[in-house]
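Below are the chains, spelled out letter by letter.
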Amino acid sequence: MLIPHPLLGLRDAQEFTYLGDAALLNRPDPAAGEAGFADYVYLRDNPAGVHRELWFHEQGDRSWLVVTRNTLTHEILGAELARDVKLGGTA
Amino acid sequence: MTDLIPMGALGTPDPARASHGALTLTENTALMLISVATRPGTPAPHPLGLHLPGPGLWSQGQGAAAFWTGPGQWMIETDVPDHAERLRDAIRSAPGARLTDQSDGWVCVEVTSDAGPAPIRALLERLVNLSPDQVAPGHATRTLLHHLGCIVIRRAEDHLAVLAPRSAAGSLWHLLRETASRQVPAATA
Amino acid sequence: MSRLDLPQSRDALIDRNRPLSFTFDGRPYTGFAGDTLASALMANGVQLVGRSFKYHRPRGIFSAGSEEPNALVTLRSGARAEPNTRATMVELFEGLEASSQNHLGGVRHDLMAVNDLAAPFLSAGFYYKTFMWPRAFWEKLYEPAIRRAAGLGKLSMEADPDSYDRGYLHPDLLVIGAGAAGLMAALTAARAGAEVVLADEDARMGGRLLAEGGLLDGAPATDWVAQVLAELAALPNVRLMPRTTVFGVYDHGIYGAVERVSDHLATPGEQVRQTLWRITAKRAIMATGATERHIPFADNDRPGVLLSGSLRAYANRWGVTPQARATDPVLIFTNNDDGHRTAQSLLARGVSLAGVVDSRSGARSLGDYTTHAGAVVTGTKGRHGLRRVQIRTADGSDSWISCGVLGVAGGWNPNVQLASHHRGRPVWDGERLTFLPGPDGPAGLIPAGAACGHGSTIAALADGRRAAQTALTQLDRTAAAPALPQAEEEPSAITALWHVPGQRRAWVDLQNDVTVKDIKLSHQENMRSVEHMKRWTTLGMATDQGKTSNVTALAVMAELTGNGIARTGTTIFRPPYTPVALSVLGGGDTGANFRPRRLTPTHHWAEANGATFVEVGQWMRAQWYAQPGETHWRQSVDREARAVRAAVGLCDVTTLGKIDVQGPDAGTFLDRIYANTISTLKPGRVRYGLMLREDGFLYDDGTCACLGDGHYVVTTTTGNAGLVFQRMEFARQCLWPELDVTLISTTDAWAQIAVAGPKSRALLERVVDGFDLSNDVFPFMACAELTVCGGLPARLFRISFSGEVAYELAVPARYGHALMERLMERGADLGVTPYGTEALAVLRIEKGHAAGAELNGQTTAAMLGLGRMVSAKKDAIGAVMSRREGLADDSRRLVGLQPVDPGQKLPAGAHLFAEGAAQALATDEGWITSACYSPHVESYIALGFLEKGDQRLGEVIRCANPLEGQDISARVVPAHFVDPEGGRLRD
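Residues numbered from 1 in each chain as written. Chains lettered and ligands numbered in written order. Predicted model: local features only at pLDDT ≥ 70, side-chain atom pairs only at ≥ 80, totals over all residues.

1. Regarding the overall build of chain B
Thinking step 1. The helix and strand inventory of chain B stands at three helices and 11 strands.
Thinking step 2. Against the 2.2 N^0.38 benchmark of 16 Å for 189 residues, chain B shows a C-alpha radius of gyration of 17 Å, consistent with a compact globule.
Thinking step 3. With the C-alpha coordinates aligned to their principal axes, the bounding extent of chain B is approximately 55 × 45 × 30 Å.
Thinking step 4. Residues classed as buried in chain B amount to 52% of the 189 residues present.
Thinking step 5. Sequence separation of 24 or more characterises 57% of the internal contacts of chain B that already satisfy a separation of 6 or more. (Helix = DSSP H or I, 4+ residues; strand = E, 2+ residues; numbered from the N terminus. Rg over C-alpha atoms; globule rule 2.2 N^0.38 Å. Buried ≥ 20, exposed ≤ 12 C-beta atoms within 10 Å, placed from the backbone. Contact = placed C-beta atoms within 7 Å.)

Now the structure itself:
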């Protein structure tokens, strides 16, 4: 696969490490307690279709990306810096 | 001055060197590397007027060069010790800039061609999964060389530099020599 | 050796001035440069080349390309022997050795041919039903016997002596196949300035243009091919890749290809044997041509029966026909016009023709030969090769025709495989009677030419040009249309005939010995889906993947179900298109290339000083340093460990991960990374830190040194260095990007040497430049930036992993070797001793210090007795979940264990049980994490987690290792075997 890195353009997926559901950006406040964290730690979406997921450009610029990918077709609909997503509050 | 004798990354006091056809590989032991980081999104510093380039790029200035390593991060290269010291001072005094000396963190092998760009291009095809425009002159990027994470700098059409973690110098040297030597029979066939 | 006359211009295809000697089954033969093994065997009258998979029937060459089902030979000998190579794809070289496969005794008198008499027992699915009882016989008797009897070639079982390479290409356009369509596509795109890669599996580009007798622009087509190739070769934006098979299509325009760099040479010499290319193309054109299908009839598998188009190729390209006796005439059996083109070509080459059997009632000759219109072939005779063919004429009468060769023309199947790799479904064209590439194939892959049904030369040329223009338009470029060469009309009318019904066996899949009967049986046994039929009969499996059989089998199946071919559908195509050696898929990643090796700065010093090395991740670390006279590793390790406790030892700890953390929010950031508080750490001080996973379990441990305001150096364990960095970047970018902090990995920049033992201070005092090491100024857990050895910048950390007074001294990596030598020299009178990872482990087990075995992902801070380190006052990764029920309640604690019999070894991994308790999961009370012999205690010792271990000191428990029948009594002791009060390391 080719990942459209927002700063570096198309880069081969070999350079990346996959983490999974971008919901991991939404770490609960400690006040959410064990129940809130249990959801965060253990429950992930794994849809057959469009999915927002985290990829780490480990063999590149070390950016974490939020990649929107159709898991059925592997079509990639977009990629953003996770930092921007988090700061923009759109995760 | 210390009386300890420094050792090249390949375990020899003198820089390692090898030639394969049109390609010459030389360990660059004189290179000093200074990592500069700022908070992403803040303006890049200009230590001693040195331009710190954008993503995927390498730029050469007076007595030093710099390349982008990540958002808000660059590596500055120089082989002039006094200049390195002045650069360090300039970075320390730049607001928000952080310095980490990386001179000993990396081994650098300079690959030059005496037959123009073709042998360098052929070598790159066997080493990195990057398009020719991503490794065109003036570009630098971290990528995978086979299984080894490296930084590839295209200093000129006929000049490539490859940086690998210093501890992996032997593997890098083996990889570069083996790949370069395989270009020789192909070129003469 | 006999050859047909070829037109003058075609002589370049085989070089009659370069004869090549080769052997087949040990007998010497001669061919010419330009031959394949198949064409050279034909030129020598060798018709029988192997035995079939199941029935051991005699088989001959069936095709002229990569679709070959029969002519599988073992090429070369010794370690280079390669089974199942297709004789049709092997280029002849001087000294080539090949041998036939799958026979017991000679290929002519195969003792396993008795299998053919047992054919009624070997029908479809026989291995699923025939050898079922008694059950135990399958593994011991039936399977080994079947495997011996049925099968293909054998591996040499020797290591592959050749090397392999990989490469990456990024063209605008990849053209797959260099026949009429591919050449025209490449030419169109190349003239427009696009970066073009043209790959073809053949050694010589041109595809079917090399095999047809037709003219282009009034001259032999090979002239036009040569002219186009010369133009392409001269263009800097074109890369011609003959001998390169594009075997698979992957996501986002990535194509896998194998270049057979030196398979056409006796040995590769200096070169690699093959190269794996990963081609990332903006667009690709699939000009893969078409494969002819045959028409099954009774006994159609005899040597001498082959595809009509291949027969034509052998005559036109190599000047050979496959008779065992040169005078035997050739017969053609066809259901379409293409069979007549073969007849024309053979006549033009001077081959004696017995006629054309054409199943179409109105068929007419296209030259001076007899056509049996409305007739079909119903049988063959000839023991090792074809002698006579039986035909049934339009009036229903049977007659025999003497001939040595029968060419069968059943129509052409477009090679749609690559277009079907992303689960693209080919669609049935009822008019052309072929499957065509479907619309849902891989994005960016454009079929062209015969591969999408445009099979005539003129149509293929035009379609190649059209495909290239389409591709370039999609890339926002324009391409002018090069003029097409003038080509002759090629009639291509076809009337369906999928097989000739009869009582005797008619082979559909020659490679897997699957007959029309087998497909019928499979249908009777209710295998209604093509996927089931494929698996029940094994049709379309093995090296040819059914290239000459799939569509015919579908048609037979469709006939049985009455569903029609379109509804019957095809099986799924997957990479690789043709067989690919595992060694080239590895791309040469063997031996030194298997993975990078990381060496410490003192590696060469250690090597020169008797070190034995151990792999720790990618690192090579000194495990121990054997001294003269030491014959067992324990002697070395015990000596090294004792030296640290008694004097001073040196150990290279460069491999620990080091991360430079800087920025105004660095302290806050580290508070969230570590379970304990870091922000209160003062410059010049070091703190031990515990990292948790977000689920509350322990992740990693290390030290954090504060070098100045907002500047910390974090160390990680050797194995986790990369992962901890990745995780810290996750926290920095994804969790708390508002914090102003930067992370730089500096693991390789510093050579770090542990100087440990009661005399460590005395030794260090001899190398520091006037730095006060006294306990008051530089106490336990202090750190400093200083200079050593006359001005060398260094970092010093007073930390201990052994329980002794200890330091870690870091200098720029290039000075590590010299520093080691200097410390050894200056410490000689102090008894300085280098120690390796084994002694390091002994020392830390004696001190009860946790390492990887204790941080195995199932343990908590509380289990280590460090529960109070998890701060309740702040948020940190894993803090909330560490307090959850189950983790907080876990009462297993780290303890020391000492065998009751000091000579008895405690096995790491053993499980712990109360004395006298039944040993079962329910009574399991913990496990041993680390064990060693302790020279300090003079006994084997161990660390482990034990239920309420902190309250059971002195109790004798059982350490059970049922795998090896061990059940050892051990006493529970504190986890600190040395200096439990911790006074020594603070001295």
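Back to the text.
2. A word on the domain arrangement of chain C
Residues and elements named next belong to chain C.
Thinking step 1. Here chain C is described as being made up of domain 1 (1–156), domain 2 (164–290 + 414–474), domain 3 (294–410), domain 4 (495–577), domain 5 (667–745) and domain 6 (844–866 + 879–986).
Thinking step 2. Computed from C-alpha atoms alone, the centre-to-centre distance between domain 3 and domain 4 is 24 Å.
Thinking step 3. On the side of domain 4, 14 residues touch domain 3, which itself brings 15 residues to the contact. (Domains from an automatic or database assignment.)

3. Observations concerning the pairing of strand 45 (residues 806–812) of chain C
Residues and elements named next belong to chain C.
Thinking step 1. Burial analysis of strand 45 places seven of its seven residues in the buried class, the great majority of the element.
Thinking step 2. Alignment of strand 42 (residues 750–756) against strand 45, held across seven bridges, turns out to be antiparallel. Paired with alanine 756 across the bridge in strand 45 is alanine 806.
Thinking step 3. Sheet topology places strand 44 (residues 792–797) next to strand 45; three bridges connect them, and they run antiparallel. Within the sheet, the bridge partner assigned to phenylalanine 797 lies in strand 45 and is glutamate 808. (Pairing = 2+ DSSP bridges.)

4. Some remarks on unusual backbone geometry
A negative phi holds for most residues other than glycine; trans holds for most peptide bonds.
Thinking step 1. Cis geometry is adopted by the peptide bond preceding proline 576 of chain C, which originates at proline 575 of chain C and carries an omega value of 0°.
Thinking step 2. As for its placement among the helices and strands, proline 576 of chain C is situated in the loop between helix 12 (565–568) and helix 13 (582–585).
Thinking step 3. The phi dihedral of leucine 48 of chain B is positive, around 55°, even though this residue is not glycine.
Thinking step 4. Looking at the element boundaries, leucine 48 of chain B is found in the loop between strand 3 (32–37) and strand 4 (58–60).
Thinking step 5. At aspartate 299 of chain C, a position not held by glycine, the phi torsion is positive, near 55°.
Thinking step 6. With 21 C-beta atoms packed within 10 Å, aspartate 299 of chain C lands in the buried category.

5. Looking at helix 19 (residues 816–826) of chain C
Thinking step 1. Listing the buried residues of helix 19 of chain C in full gives Gly816, His817, Ala818, Leu819, Met820 and Leu823 of chain C.
Thinking step 2. Lining the buried residues of helix 19 of chain C we find helix 14 (603–608), strand 36 (648–652), strand 42, helix 18 (760–765), strand 45 and strand 46 (832–834) of chain C.

6. Thoughts on the confidence of the model for chain C
Thinking step 1. Per-residue confidence for chain C gives a mean pLDDT of 94, with 97% of residues at or over 70.
Thinking step 2. Among the prediction metrics, the complex's ipTM stands at 0.98, with pTM recorded as 0.94. (pLDDT = per-residue confidence, 0-100.)

7. Brief notes about the interface of chain C and chain B
Thinking step 1. Each partner contributes residues to the interface: chain C has 40 residues there, and chain B has 37 residues.
Thinking step 2. Listed by contribution, the elements that provide at least two residues to the side of chain C that touches chain B are strand 8 (164–169), strand 33 (598–599), strand 37 (657–662), strand 41 (742–745) and helix 19 of chain C.
Thinking step 3. Residue composition of the side of chain C that touches chain B, by class: 16 nonpolar, 13 polar and 11 charged. (Nonpolar A, V, L, I, M, F, W, Y, C, P; charged D, E, K, R; others polar.)

8. Quick look at the nonpolar core
Thinking step 1. Core analysis: the largest hydrophobic core is formed by 358 residues, its most contacted members being Val162 and Leu172 of chain B together with Ala189, Ile285 and Val755 of chain C.
Thinking step 2. Considering every element that reaches this core, the biggest residue donor is helix 4 (residues 180–191) of chain C, with nine residues.
Thinking step 3. Not counting residues up to four positions away in its chain, the partners in contact with valine 162 of chain B are Val109, Val111, Leu145, Cys150, Val152, Leu172 and Leu176 of chain B. (Core = buried A, V, L, I, M, F, W, Y, C linked by C-beta atoms within 7 Å.)

9. With respect to the interface of chain B and chain A
Thinking step 1. Tallying the contact residues gives 12 residues for chain B and 11 residues for chain A.
Thinking step 2. Counting only elements with at least two residues in the side of chain B that touches chain A, the list comes to strand 5 (65–70) and strand 9 (140–145) of chain B.
Thinking step 3. It is strand 9 of chain B that provides the largest number of residues to the side of chain B that touches chain A, a total of four residues.
Thinking step 4. Residues belonging to the side of chain B that touches chain A are distributed by class as follows: four nonpolar, seven polar and one charged.

10. Regarding the environment of glutamate 825 of chain C
Thinking step 1. By the secondary structure assignment, glutamate 825 of chain C is in helix 19.
Thinking step 2. A sequence separation of 550 residues divides glutamate 825 of chain C from threonine 275 of chain C, and the C-alpha atoms of the two residues are 51 Å apart.

11. A closer look at the domain arrangement of chain B
All names here are of chain B.
Thinking step 1. Looking at the assigned domains, one finds that chain B contains domain 1 (17–30 + 104–188) and domain 2 (32–101).
Thinking step 2. The centre of domain 1, based on its C-alpha atoms, is set 23 Å off from the matching centre of domain 2.
Thinking step 3. Listed by partner, the interface residues are 10 residues for domain 1 and seven residues for domain 2.
Thinking step 4. For the side of domain 1 that touches domain 2, the leading source of residues is strand 9, giving three residues.
Thinking step 5. Here the side of domain 1 that touches domain 2 is composed, by residue class, of four nonpolar, five polar and one charged.

12. Description of the sheet that holds strand 42 of chain C
Residues and elements named next belong to chain C.
Thinking step 1. Judged by pairing direction, the sheet is mixed, and its six strands sit side by side in the order 43-44-45-42-36-46 without closing on themselves. Strand pairing shows two members of the sheet lacking a second neighbour, strand 43 (783–788) and strand 46, which therefore form its edges. Averaged over neighbouring strand pairs, the angle between their axes works out to 25° when direction is ignored.
Thinking step 2. Where helix 19 meets the sheet, its contacts fall on strand 36, strand 42, strand 45 and strand 46, and the angle it forms with strand 42 comes to roughly 20°. (Axes fitted to C-alpha atoms, helices over the stretch in contact; angles between N-to-C directions.)

13. Regarding the packing of helix 9 (residues 516–524) of chain C against helix 10 (residues 530–537) of chain C
The geometry of a pair of packed helices is captured by two quantities: the angle between their axes and the separation between those axes.
Residues and elements named next belong to chain C.
Thinking step 1. Put simply, helix 9 and helix 10 touch, their axes get as near as 10 Å, and they point 120° apart. Of the possible angle classes, the one that applies to helix 9 and helix 10 is oblique. Judged by the twist between their axes, the crossing of helix 9 over helix 10 is right-handed. Side by side, helix 9 and helix 10 meet where Asp518, Ile519 and Ser522 of the first sit next to Met533, Trp536 and Thr537 of the second.
Thinking step 2. Its residues assigned to classes, the contact of helix 9 with helix 10 comprises three nonpolar, two polar and one charged. (Parallel < 35°, antiparallel > 145°, perpendicular 65-115°, else oblique. Left-handed = near helix turned anticlockwise from the far one by under 90°.)

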